[in-house]
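Results of the structural survey
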Amino acid sequence: MTVVRNKSVKEWPEDERPRERLIAHGASALSEAQLLAILIRNGKSGRTAVDLGRELLERFGSLAGIEQASITEICVVEGMGPAKAAELKAAIELGRRYQLLLSIPGFGATSALHTLAELALLPAGMDVRQWVAYAGLDPRQHTSGSSVEKKPRISKAGNRHLRRALYMPALVAIRRQPHLRAYYQHLRDRGKLKMVALIAVMRKLLHAIYGMFKHQQPFDGSKVYRLPGPHTSPPLNSAQEVAA
């Protein structure tokens, strides 16, 4: 692709402008410097946003290097102020979390985006129990008067959109992911109803996501539930799952 110099991006041929090129050809048609330019938006002092993106990559080596750099370190690049640096780090962090979600068996692009969008609404500093309560996946004990107690059930007072985003990944996971399948079967063997066991798996997934984001590590089923032995049952087929 022809490199146009000494011109603002607005003066470039339309097919070479990063934003227009992404719209026309998709993100895969852009270099990392061009993708960064879309986030940076504006250049400074005769340098385009693409120039700034290229310098950031040269200075820090990669997108991961930029993500690990401090705001102060990013601001050393002329034209990168604190606001731009913060927006850039936030965008890279969201991309990293999206990739972490995709490491969970059962999560596809749509469920990962929906889950990430709902979790993005959470205030910083919440612990995993607060995440579970926010999702409405926390079991609550219901009583009537002073003597009648009902079976615990999920509160359903939380974010139904987050519950919906977790439902299909949990349904796939109990068929395809050995540790979550074993956990689901463990609950069923203890007499738990199918939906109760599935909701427990959704809760486990939320716990796993919290730890993955906190420690910046992909999904590890062994940290979710320890398999009872060296051999695990084969994946459930659709007929078995319906009968379960």
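Residues numbered from 1 in each chain as written. Predicted model: local features only at pLDDT ≥ 70, side-chain atom pairs only at ≥ 80, totals over all residues. Heavy atoms only, no water.

**Description of the environment of R188**
Inclusion rule: The numbering of helices and of strands both runs from the N terminus, where a helix is a DSSP run of H or I of at least 4 residues and a strand a run of E of at least 2. When accessible area is computed with a 1.4 Å probe and restricted to protein chains, residues below 20% of their type maximum are described as buried, those above 50% as exposed, and intermediate ones as partly exposed.
Counting through the fold element by element, R188 comes out in helix 10 (residues 178–189). Look at R188 and you get partly exposed, because its relative accessible area is 23%. Taking the C-alpha atoms as reference points, R188 and L198, separated by ten residues in sequence, lie 9.6 Å from one another.

**A look at the packing of helix 2 (residues 32–40) against helix 3 (residues 49–60)**
The cut-off we apply is this: Each axis is a line fitted through C-alpha atoms, taken for helices only over the stretch in contact, and angles between the N-to-C directions span 0 to 180 degrees. Each angle is binned into one of four classes, with values under 35 degrees roughly parallel, values over 145 roughly antiparallel, values of 65 to 115 roughly perpendicular, and all other values oblique. Crossings are sorted by hand: turned counterclockwise from the far helix by less than a right angle, the near helix makes the crossing left-handed, and turned clockwise it makes it right-handed. Residue contacts are counted whenever heavy atoms from the two residues lie within 4.5 Å of one another.
Packing of helix 2 against helix 3 leaves a shortest axis separation of 7 Å and a crossing angle of 120 degrees. Classified by the angle between their axes, helix 2 and helix 3 sit oblique to one another. In this structure, the crossing between helix 2 and helix 3 has a hand that is right-handed. Residues E32, A33, L36, A37 and I40 of helix 2 form the contact with helix 3, whose own contacting residues are A49, V50, L52, G53, R54, L56 and L57.

**Considering the side chain of K84**
Stated precisely, the cut-off is as follows: The charged-residue count follows a simple rule in which Lys and Arg add positive charge and Asp and Glu add negative charge, with His and chain termini not counted at all. A side-chain nitrogen of Lys or Arg and a carboxyl oxygen of Asp or Glu constitute a salt bridge if their distance falls within 4 Å. Pairing of N or O atoms within 3.5 Å defines a polar contact, subject to two protein rules: one partner must be a possible hydrogen donor and the other a possible acceptor, and residues neighboring in sequence count only if both atoms are side-chain atoms.
Along the chain, K84 turns up in helix 6 (residues 82–102). Of the buried charged residues, K84 lacks a salt bridge, with E87 as the closest side chain of opposite charge at 8.0 Å. A polar contact of 2.5 Å, which involves the side chain of K84, links it to the backbone oxygen of N42. When residues no more than four places from it in sequence are discounted, the contact partners of K84 are I40, N42, G43 and G79.

**A word on unusual backbone geometry**
A positive phi angle, close to 75 degrees, is found at R41, a residue other than glycine. Assignment of secondary structure puts R41 in the loop between helix 2 and helix 3. Its relative accessible area of 45% is what places R41 among the partly exposed residues. Non-glycine residue Q216 carries a positive phi angle of around 55 degrees. Looking at the secondary structure, you find Q216 in the loop between helix 11 (194–215) and helix 12 (238–243).

**With respect to the packing of helix 6 against helix 7 (residues 109–119)**
Stated precisely, the cut-off is as follows: In this classification, Asp, Glu, Lys and Arg are treated as charged, Ala, Val, Leu, Ile, Met, Phe, Trp, Tyr, Cys and Pro as nonpolar, and every other residue, Gly included, as polar.
Taken N-terminus to C-terminus, the directions of helix 6 and helix 7 make an angle of 130 degrees; their axes are 9 Å apart at the nearest point. Considering their axes alone, helix 6 and helix 7 lie oblique with respect to each other. At the point where helix 6 passes helix 7, the crossing takes the right-handed sense. On the side of helix 6, the interface is formed by L94, R97, Y98, L101 and L102, while helix 7 contributes A109, A112, L113, T115 and L116. Class assignment of the residues belonging to the contact of helix 6 with helix 7 gives a composition of eight nonpolar, one polar and one charged.

**Points about the packing of aromatic side chains**
Where two aromatic rings form a pair, the distance of their centres and the angle of their planes describe that pair. Note the cut-off: Only Phe, Tyr and Trp rings take part, Trp by its six-membered ring, and two of them pair if their centres are within 6.5 Å. Stacked means planes under 30 degrees apart, edge-to-face means over 60, and tilted covers everything else.
If you walk through the whole model with that rule in mind, you get three aromatic pairs. Aromatic side chains W131 and Y210 sit 5.0 Å apart centroid to centroid with 90 degrees between the ring planes, which places their arrangement in the edge-to-face category. Of this pair, W131 sits in helix 8 (residues 128–135) while Y210 sits in helix 11, placing them 79 residues apart in sequence. Overall, the relative accessible area of 10% leaves W131 in the buried class. Taken together, a centroid distance of 5.3 Å and an interplanar angle of 55 degrees make the contact between Y183 and Y225 tilted. Of the two residues, Y183 sits in helix 10 while Y225 sits in the loop between helix 11 and helix 12, which places them 42 residues apart along the sequence. The exposure class of Y183 is buried, given its relative accessible area of 13%. A residue is classified by how much of its surface remains accessible, and Y225, at 18% relative accessible area, is buried.

**As for the environment of P178**
By the element assignment, P178 lies in helix 10. Note: C-alpha distance between P178 and P105 (73 residues apart in sequence) is 9.9 Å.

**Some thoughts on the pattern of salt bridges**
Where charged atoms of side chains with opposite charge meet at close range, the side chains can pair. Under the criterion given, the structure shown has eight salt bridges. Salt-bridge contacts for R54 lead to D51; the nearest nitrogen and oxygen are separated by 3.2 Å. Of this pair, R54 and D51 both sit in helix 3, three residues apart, which is roughly one turn of the helix. E93 serves as the salt-bridge partner of R96, at 2.3 Å between the closest nitrogen and oxygen. Of this pair, R96 and E93 both sit in helix 6, three residues apart, roughly one helical turn. There is no split in this pair, since R96 and E93 are both buried. Residues participating in the shared-partner salt-bridge network are R47, E55 and R59.

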